[in-house]
Amino acid sequence: MTYATTEITSAEILSDNPVHQRLYFPYEMAAKIISGKVLELGCGWGRGVEKLISNCEHFTGLDKNEPLIKALQEKHPKHYFNTVNLPFLTEFEDNTFDFIVTFQVIEHIQDDHKFLQEAHRVLKPGGKILLTTVNKEYSLSRNPWHIREYKTEELKSLMLKYFKTLDAKGVGGNDKVWEYYAQNKASVNKIMRWDIFNLQHNLPAWILRIPYEILNRFNRNKLLQQSEGLAAEINWDDHYLSEEPEKCIDYFFVATK
């Protein structure tokens, strides 16, 4: 099964729709920026691969999931897909790519410094990395799939260690987006009231993943039923690039080598 967890948000499961649309939005924005040789770090099941391919000369997609990579390579034989153990990009020489796209990946990488060092190395001079990740201030609970999450200044400081300029934006949303977020927050808070021993922060991540998946799926299905169609109505263009990343659920940062 391709969409095994709520962390690998499906485009086909209706209760995943608000998250899927928010995660797809950056691909629409990236398509307006990219050209030449493009590398995607963490392409997953290919949420935005076709959009990127249609706007560049050659596309390289990397991910750790071998079945997903195999399926993408078969679907797009003119481009290149391979498995990778991020943050290492030893397959590629210095100054190879015009653009790197990496959406909702860095929070999963143990060595985030090496991740950015390698991205910088394989970019051509003047090349850009387009990066999204969740804003820690808007997380509703601990996500045991994430190694860490960032506050705005933390992510800015980290990226500016390796790139000379940074355009820091966020993924904003209209009233529908924020109404769903408010409903989600209220629902998650009700669930978290049962965590009287603060187990979400005191237990190892691997122990929390199964209960997290069960509760997250339960919560999304509940919101779909209770939101009077709102969850199904949200689309990618209900989002926009915001100049105030600190007030957004996700960051959209563009850094230049």
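As the structure is a prediction and not an experimental result, all values here were calculated from the model.

(A) Main features of the packing of helix α6 (residues 175-192) against helix α8 (residues 205-226). Between α6 and α8, the shortest axis-to-axis distance is 10 Å and the interhelical angle comes to 135°. When the axes of α6 and α8 are compared, the pair comes out oblique. In this structure, the crossing between α6 and α8 has a hand that is right-handed. On α8, the residues touching Y180, Q183, N184, S187, V188 and I191 of α6 are L215, N219, K222 and L223. In the contact of α6 with α8, the residues fall into five nonpolar, four polar and one charged.

(B) Spotlight on the UniProt feature "domain: Methyltransferase type" (unreviewed entry) in the protein chain. In the numbering used here, UniProt assigns the feature "domain: Methyltransferase type" (unreviewed entry) to residues 39-130. In this annotation, residues 39-130 is assigned 28% helix and 30% strand; the end-to-end C-alpha distance for the span is 10 Å.

(C) Main features of the pattern of salt bridges. Under the counting rule described, the total for this entry stands at 15 salt bridges. In this structure, the salt-bridge partner of D250 is R22, at a minimum N-O distance of 2.7 Å. Here D250, found in strand β8 (residues 250-256), pairs with R22, found in helix α1 (residues 17-31); they are 228 residues apart in sequence, far enough to count as distant. With a relative accessible area of 1%, D250 lands in the buried category.

(D) Looking closely at the sheet that holds strand β5 (residues 123-134). Spatially, β3-β2-β1-β4-β5-β8-β6-β7 is the arrangement adopted by the eight strands of the open sheet, whose pairing is mixed. Strand pairing shows two members of the sheet lacking a second neighbour, β3 (80-83) and β7 (239-242), which therefore form its edges. Ignoring which end each strand starts from, the neighbouring axes of this sheet average 20° apart. Its contacts with the sheet put helix α4 (residues 112-122) on β1 (37-41), β4 (97-103) and β5, and the angle it makes with β5 is roughly 145°.

(E) Structural detail: the nonpolar core. Ranked by internal contacts, the top residues of the largest apolar core, which has 29 residues, are L89, F115, L116 and I129. If you list the elements that add at least two residues to this core, you get β1, β4, α4, β5, α5 (152-160) and β8. Excluding residues within four positions of it along the chain, L116 makes contact with I106, I129, L131, L158, M159, Y162 and F163.

(F) A look at unusual backbone geometry. Here the amide bond leading from L86 into P87 is cis, since omega sits at 20°, within 30 degrees of zero. Relative to the elements of secondary structure, P87 occurs in the loop between β3 and β4. Backbone geometry places Q104, a non-glycine residue, at a positive phi of 60°. Among the secondary structure elements, Q104 is positioned in the loop between β4 and α4. Taking the relative accessible area as the measure of exposure, Q104 reaches 18% and is therefore buried. Backbone geometry places N198, a non-glycine residue, at a positive phi of 55°. Summarising the element assignment, N198 is placed in the loop between α6 and α7 (199-202).

What counts, and where the lines are drawn
- Residues numbered from 1 in each chain as written.
- Predicted model: local features only at pLDDT ≥ 70, side-chain atom pairs only at ≥ 80, totals over all residues.
- Heavy atoms only, no water.
- Axes fitted to C-alpha atoms, helices over the stretch in contact; angles between N-to-C directions.
- Helix = DSSP H or I, 4+ residues; strand = E, 2+ residues; numbered from the N terminus.
- Parallel < 35°, antiparallel > 145°, perpendicular 65-115°, else oblique.
- Left-handed = near helix turned anticlockwise from the far one by under 90°.
- Contact = heavy atoms within 4.5 Å.
- Nonpolar A, V, L, I, M, F, W, Y, C, P; charged D, E, K, R; others polar.
- UniProt positions renumbered as here; feature names shortened; annotations may be inferred.
- Salt bridge = Lys/Arg side-chain N within 4 Å of Asp/Glu carboxyl O.
- Buried < 20%, exposed > 50% of the residue type's maximum accessible area, 1.4 Å probe, protein only.
- Pairing = 2+ DSSP bridges.
- Core = buried A, V, L, I, M, F, W, Y, C linked by side-chain atoms within 4.5 Å.

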